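Descriptive structure summary
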Amino acid sequence: MAPRKRPESRKPPEVVVCPKSKRSRSLPELEPEEAEELGVQGPGSSRRFDSGCLWAGLASLPVPPPGRSIVRALHHHKLGKAAWPSLQQCLQQSFVHSLASYRIFHKAAPFDRRATSLAWHPTHPSTLAVGSKGGDIIIWNFGIKDKPIFIEGIGAGGIITALKFNPLNTNQFFTSSMDGTTRLQDFQGNTIRLFASYSTYNFWFCSVDVSAKSRVVVTGDNVGHVLLLNMDGRELWNLRMHKKKVTHVALNPCCDWLLATASVDQTVKIWDLRQVKGKSSFLYSLPHKHPINAAHFSPDGAQLLTTDQKSEIRVYSASHWDCPPSLIPHPHRHFQHLTPIKAAWHPRFNLIFVGRYPDPNFKSCTPYDLRTIDVFDGSSGKLIHQLYDPESSGIISLNEFNPMGDTLASVMGYHILIWSQEEAGMRK
């Protein structure tokens, strides 16, 4: 495919550190240029942030009383008087309380088109990659003063639909794009391996995921096909698993042979990669009322979180995939010129984060509904907190915590927002 040039004039990358006087307020108060410079560790890094299967079953357990002391809970756990799940719930409650002190400490507007995808570096907690509608990619370590790495795209038609760092070499990342490719790139923008490519602009790739354990890459396109490839780029199969666009693919973090695919055909399907033989070989098909933007497995692999294109978030349980899920009514309707809103898990706790797009037709809508980041308890489905910055009051489409779980990155139109607890943010 011949590359297309973009216009010469473009908006220069802009990164802003929010001054203290302009820090946002939480809603309740109302008030390397390259990997080396980033300090990013390469393959074989000993620093890992794996949730593992330790968190399984927490969703069904009661939350400790509000006055419960974390120190006392730790002491009781050490003495064998308190179960680990009870301690975990106590830690989650403490984290929820800390959200009241979260502020925006860094803000960047590096693109001339809206941001469309987001991924944290797996071993470097202050480094993330963000893709744009024009195919631009920024690799930003906000913990240092050096300029971010900026990889220029092709412009119109180059949308980066998904980003994933390579778990086998964290100085590389996978992308799926509207330019008709799924590829592996380095931090200089060089293509290391082309995994899938269409020679026409009528077809493109919308999603990508990768498994380090199985060493496979999975990607979905705009007409319902899902491709499975090994890390060498050899195609294992290419099947039409949905009737329409595959908006999201996700491999289970604990059982990497378990695949979830989401589509605008209003279904989420769960597959066993070891038994895929055709479009009807799925384990479960989960029908929805509207097209679906995303399907994310929880960090422990025990739950599946889906976001539709209207007003519903669902939480399915691994023990009963086909049973009625937990339904969370939430306004996040689809709009053509808005990056699709996707709910996401916290990497350490059973919490869900999602941007709100106030809808006058939504049942609980009020005239002064704000464009907040809503935080839900993954077990009860209750709204437990809202993050809001009056100086960054646009619609927030994507939210993702770093692997440590202490810093939140958000995508709002052209902007990238970095949220952190106030005391921690002052040190960054």
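Parameters and conventions
- Residues numbered from 1 in each chain as written.
- Predicted model: local features only at pLDDT ≥ 70, side-chain atom pairs only at ≥ 80, totals over all residues.
- Heavy atoms only, no water.
- Helix = DSSP H or I, 4+ residues; strand = E, 2+ residues; numbered from the N terminus.
- Buried < 20%, exposed > 50% of the residue type's maximum accessible area, 1.4 Å probe, protein only.
- Core = buried A, V, L, I, M, F, W, Y, C linked by side-chain atoms within 4.5 Å.
- Pairing = 2+ DSSP bridges.
- Axes fitted to C-alpha atoms, helices over the stretch in contact; angles between N-to-C directions.

Quick look at the environment of Ile-373
Of note, Ile-373 is situated in strand S25 (residues 373-377). For Ile-373, a relative accessible area of 0% gives the class buried. Residues Ile-373 and Gly-355, spaced 18 residues apart in sequence, show a C-alpha to C-alpha distance of 4.4 Å.

Topic: the nonpolar core
Counting 17 residues, the largest nonpolar core has Phe-95, Tyr-102, Phe-353, Ile-373 and Trp-419 as its most contacted members. Mapped by element, the contributors of at least two residues to this core are helix H3 (84-98), strand S2 (102-108), strand S24 (351-355), S25, strand S28 (407-412) and strand S29 (415-421). Among the nonpolar cores identified, the runner-up in size contains 15 residues, and Phe-111, Val-130, Trp-140 and Phe-142 belong to it.

Some words on the sheet that holds S25
With respect to topology, 4 strands assemble into an open sheet ordered S23-S24-S25-S26, the strand pairing being antiparallel. The sheet terminates laterally at strand S23 (344-345) and strand S26 (383-387), the two strands that pair on one side only. Where S25 lies against S26, 4 bridges are found, and the strand directions are antiparallel. Pairing of Asp-374 across the sheet is with Gln-386, part of S26.

Quick word on the sheet that holds strand S8 (residues 172-177)
Taken in spatial order, the 4 strands of this open sheet run S7-S8-S9-S10, and their pairing is antiparallel. A single partner strand is all that each edge strand has here, and the edge strands are strand S7 (160-165) and strand S10 (191-197). Here the strands of the sheet are splayed against their neighbours by 20° on average, with no regard to which way each runs. Here 5 bridges tie S7 to S8, and the two strands are oriented antiparallel to one another. Bridging from a neighbouring strand, Phe-165 pairs with Phe-173 of S8.

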